[in-house]
There are 2 protein chains.
Amino acid sequence: MEEILKNVKEASRVIATLNGEVKRKVLREMANRIEKYKDEIIEANKKDLEYAKENNLSEALIDRLLLNEDRVKSMANALRDIAKLKDPVGKVIDGWKIDNGLSINKVKIPIGVIGIIYESRPNVTSDAAGLCFMSGNACILKGGKEAFHSNAVIIEILRYVLEKNKLPVDAISMLPDYSRSGVEWLIKQDKYVDLIIPRGGEALIKFVSENSKVPVIKHDKGLCHVYVHKDADLEKAVKIAINAKVQRPGVCNAMETLLVDREIAGEFLPKIKEEMEKNEVELRGCEIALEYIDIKPATEEDWHTEYLDKVLSIKVVDNLDDAIEHIEKYGSGHSDAIVTENYSVAEEFLNRVDSACVYVNASTRFTDGGVFGFGAEVGISTNKLHARGPMGIDDLTTYKYKILGNGQIRE
Amino acid sequence: MEEILKNVKEASRVIATLNGEVKRKVLREMANRIEKYKDEIIEANKKDLEYAKENNLSEALIDRLLLNEDRVKSMANALRDIAKLKDPVGKVIDGWKIDNGLSINKVKIPIGVIGIIYESRPNVTSDAAGLCFMSGNACILKGGKEAFHSNAVIIEILRYVLEKNKLPVDAISMLPDYSRSGVEWLIKQDKYVDLIIPRGGEALIKFVSENSKVPVIKHDKGLCHVYVHKDADLEKAVKIAINAKVQRPGVCNAMETLLVDREIAGEFLPKIKEEMEKNEVELRGCEIALEYIDIKPATEEDWHTEYLDKVLSIKVVDNLDDAIEHIEKYGSGHSDAIVTENYSVAEEFLNRVDSACVYVNASTRFTDGGVFGFGAEVGISTNKLHARGPMGIDDLTTYKYKILGNGQIRE
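None of these values were measured; they are calculated from a predicted model.

*Asks:* Break down the overall build of chain A for me, citing the residues and quoting the values.
*Replies:* A tally of helices and strands in chain A yields 16 helices and 16 strands. Scaling as 2.2 N^0.38, a compact globule of 411 residues should have a C-alpha radius of gyration of about 22 Å, and chain A matches this with 24 Å. Overall, chain A is about 70 × 70 × 35 Å in size when its C-alpha atoms are taken along their principal axes. Here chain A holds 411 residues, and 50% of them are scored as buried. Across chain A, the fraction of contacts at a sequence separation of at least 24, relative to all contacts at a separation of at least 6, is 72%.

*Asks:* Quick one: what's the story with the environment of N406 of chain A, residue by residue and with numbers?
*Replies:* On the secondary structure map, N406 of chain A appears in strand β16 (residues 397–408). The contact partners of N406 of chain A, leaving out residues within four places of it in the chain, are G101 of chain A together with N361 of chain B.

*Asks:* Explain the relation of the copies chain A and chain B to me, using residue names and the numbers behind them.
*Replies:* With an RMSD of 0.0 Å, chain A superimposes on chain B once it is rotated by 180 degrees and translated 0.0 Å along the axis. When the rotation and shift are considered jointly, the pair of chain copies conforms to a two-fold rotation axis. Within chain A, H386 of chain A has its C-alpha nearest the rotation axis, a separation of 2.0 Å. Looking at chain A, 100% of its interface residues are interface residues in chain B too, so the copies touch through the same face.

*Asks:* Lay out the nonpolar core with the relevant residues and their values.
*Replies:* If you look at the biggest cluster of nonpolar residues, it comprises 138 residues, and the most contacted ones within it are C139 of chain A together with C139 of chain B. Non-local contacts of C139 of chain A, meaning those with residues more than four positions away in its chain, are made with I114, I116, A128, A129, C132 and I172 of chain A. Ranked by size, the runner-up nonpolar core spans 53 residues in total, among them I240, A244, M255 and Y359 of chain B.

*Asks:* Mind laying out the pairing of strand β7 (residues 224–228) of chain B, listing which residues take part and the relevant values?
*Replies:* Residues and elements named next belong to chain B. Burial analysis of β7 places five of its five residues in the buried class, which makes it a mostly covered element. Across the two faces of β7 the burial is the same, with C224, V226 and V228 and H225 and Y227 all buried. Sheet analysis places β7 next to strand β8 (residues 255–261), joined by five bridges and oriented parallel. Looking across to β8, one finds that V226 is bridged to L258. Taken together, β7, helix α10 (residues 234–246) and β8 constitute a β-α-β crossover, and its handedness is right-handed. Here four bridges tie β7 to strand β12 (residues 335–339), and the two strands are oriented parallel to one another. In the sheet register, V226 faces β12, and the bridge partner there is A337.

*Asks:* Break down the pairing of strand β1 (residues 92–97) of chain B for me, with residues and values.
*Replies:* Residue and element names in this part refer to chain B. Burial of β1 is sparse: only zero of the six residues sit out of reach of the surface. Sheet topology note: the β1/strand β2 (residues 103–110) ladder contains five bridges and is antiparallel. Note on β2: the bridge partner recorded for K97 is S103. Hairpin connection between β1 and β2: a loop of five residues separates the two successive antiparallel strands, and G101 in this loop has a positive phi of roughly 95 degrees.

*Asks:* Please set out the domain arrangement of chain A residue by residue, giving values where relevant.
*Replies:* Residue and element names in this part refer to chain A. Domain annotation of chain A identifies domain 1 (2–220 + 387–404) and domain 2 (224–370). Look at where the C-alpha atoms of domain 1 and domain 2 centre, and you get two points 35 Å apart. Taken together, the six residues of domain 1 in the interface contact six residues of domain 2. Looking at the side of domain 1 that touches domain 2, its residues break down into two nonpolar, two polar and two charged.

*Asks:* I'd love a proper account of the packing of helix α3 (residues 38–54) of chain A against helix α7 (residues 148–164) of chain A, names of residues and values included.
*Replies:* When two helices pack together, their arrangement is given by the angle between the helix axes and by the axis-to-axis distance. Residues and elements named next belong to chain A. Look at α3 against α7: their axes get within 6 Å of each other, and the N-to-C directions meet at 155 degrees. The pairing of α3 with α7 is recorded here as roughly antiparallel in orientation. Facing E40, I41, A44, N45, K47 and D48 of α3, the residues of α7 in contact are F148, H149, S150, A152, V153 and I154. In the contact of α3 with α7, the residues fall into six nonpolar, three polar and three charged.

Cut-offs used in this document
- Residues numbered from 1 in each chain as written.
- Chains lettered and ligands numbered in written order.
- Predicted model: local features only at pLDDT ≥ 70, side-chain atom pairs only at ≥ 80, totals over all residues.
- Helix = DSSP H or I, 4+ residues; strand = E, 2+ residues; numbered from the N terminus.
- Rg over C-alpha atoms; globule rule 2.2 N^0.38 Å.
- Buried ≥ 20, exposed ≤ 12 C-beta atoms within 10 Å, placed from the backbone.
- Contact = placed C-beta atoms within 7 Å.
- Least-squares fit on C-alpha atoms with pLDDT ≥ 70 in both.
- Core = buried A, V, L, I, M, F, W, Y, C linked by C-beta atoms within 7 Å.
- Pairing = 2+ DSSP bridges.
- Right-handed = clockwise from strand over helix to strand, strands pointing away.
- Domains from an automatic or database assignment.
- Nonpolar A, V, L, I, M, F, W, Y, C, P; charged D, E, K, R; others polar.
- Axes fitted to C-alpha atoms, helices over the stretch in contact; angles between N-to-C directions.
- Parallel < 35°, antiparallel > 145°, perpendicular 65-115°, else oblique.

Written out as structure tokens, the structure is:
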């Protein structure tokens, strides 16, 4: 396997120097070929589905695994979308001249080799490969073993297009070892791999972050809060809370806990109960909330739980400090919102809450690379370093200093 | 010890929101107090020096440990310099409005709690604390046990000034366990520590990078090259090579290996030999170099060695490709230079060499936060992510998105 990574590293040096027009052309050809060979992809996917059924994998997992004509078309279109992105490589982010005439330019360059570890969805294979390629990086992919046949066909198609364009096929590689020990090995290869991005369940992300020698950018859980301050416009508050909870409950930027100022609890809680129940949301409240509305009591565990479902915990707080304390203790630093018409309180919330995205009077559901205008999204980073929040291909680059002299030496 | 980190984390939330003028005032008071208590510092330092002598520590180490009146004054002045830096916190690095009217602002904020692990020099204690404080971060310092008494007095002075200004003293904390197991414990505390910066020998850095659960920014070795291309101005080449090797051989941006094109080896090597020997540099050459000049033969190990001394390995290469291949194989991605008058070759070198700083016609010795204009320097990062190359206090920040709405929900 080390030989494979060596080849990926070598390929990365070639991919790093490609011009935008070449990368766009290759990505469009990949998209066309995926469409052309849709039957072969769907055929391979059937094998994976059979295996999944034989092994009694869950319905949800089987749905994530499934490729049909529509989904294959989406894969192709995702590559076409990536081909339209602005090439981040070569952007001069800063530049200046120092006193002795040396000209210093800080220039964006690809990171090198990116390892992406993911689970069932086979479309991640082409998405991840495309994002890495457009940003000038080689990638080593480690998919789920349940998607083995689908991934193999997709990778073959992508590599065929590289070869046809006289580019090193190893720039898009799949780790042959699909097991957990494959992951364990990959995350130790800091000689060849420059960045690991794990996408998947909490257990995978925890394992990778705790054991990797390669830097990791995590896409971890989102335990998002909406805090309804006493000076909130309660109509806005209901709209925002409902949207944050029910518009798509299964994603990381959905709200899990609603914080409500005690001063307005009597007015607001019955309203929100009615609306949430219309939307079939199960409510669990703190002791004080239970004084105002008749719902299930929340336990300590509820405040820690990312339901990813139509369940909401509700806590009554005394004031802003109390709300921020709760968010600090239980939040995941992803997205948190306040609803208030009070300028100073809004400012304080924005400044003091240490999350990737902090909102005033808007739904947490906007934390998304597409919404932010980054185009195709690598994910939403819960790291604090390098990339935080929605992550576009810009974040798949690093920089170097190019320094131009005419004989300068240091005195 | 966990209690200590909890307090540091809590203090970090207060420090993060301080305005620039407060931070500057506190830093200047710290500088004054260090000068005022110089005798106490020097007295404590004597205890450390005695212990060092009793334990037969090396002369070099004892010199690094030593504090005299001049050095204490330098420590105070370093804090005054830090107080003059531009406050990075609050800078809006990007901002835009999306179609539904949401206004998105990407704003620099402190990282949180920074752990700095270092060895003998006691001045690092005040430098590191000052840099973290000015960038709004709390710090947990882990100094060398040989500097225990000096560090204790310095920390006490800094914390006194925090207290006097009604700021949480735990924002500048020292880990009480000075042993290796203290390091081992600290680098696992990802719940409280957001970034670890190890400063010291290769063994320390390797241990920290391989075992840390907290993200690490390394300041690793510099195995820097100067490549004299056949179209070089040989006078410039001699001047640059001499400067890169001898102006200060013991630092990471000094040259360790000189690469010379075969076409000019006959003319250049005797010249450089003469100049290097005038400067008492020991030369070790590849087989081909030995055909032109009478020096010691280099072994494979030489190409891997950061001498940090007046020793230089010399290799004759066939061309640019050959030179880049050598740099890729043996370099450390720190600083590498080409000397050439050829435009296309210079461009290719700049683009293809994957180092933090790539030079044309200048000495590698310029890789330095001070030279680059960053003011006081955190170090020179050999990481590829977050911060690369000379690192100023700007790199001790991350960012968050502040998103201002008026009731927007996602459709």
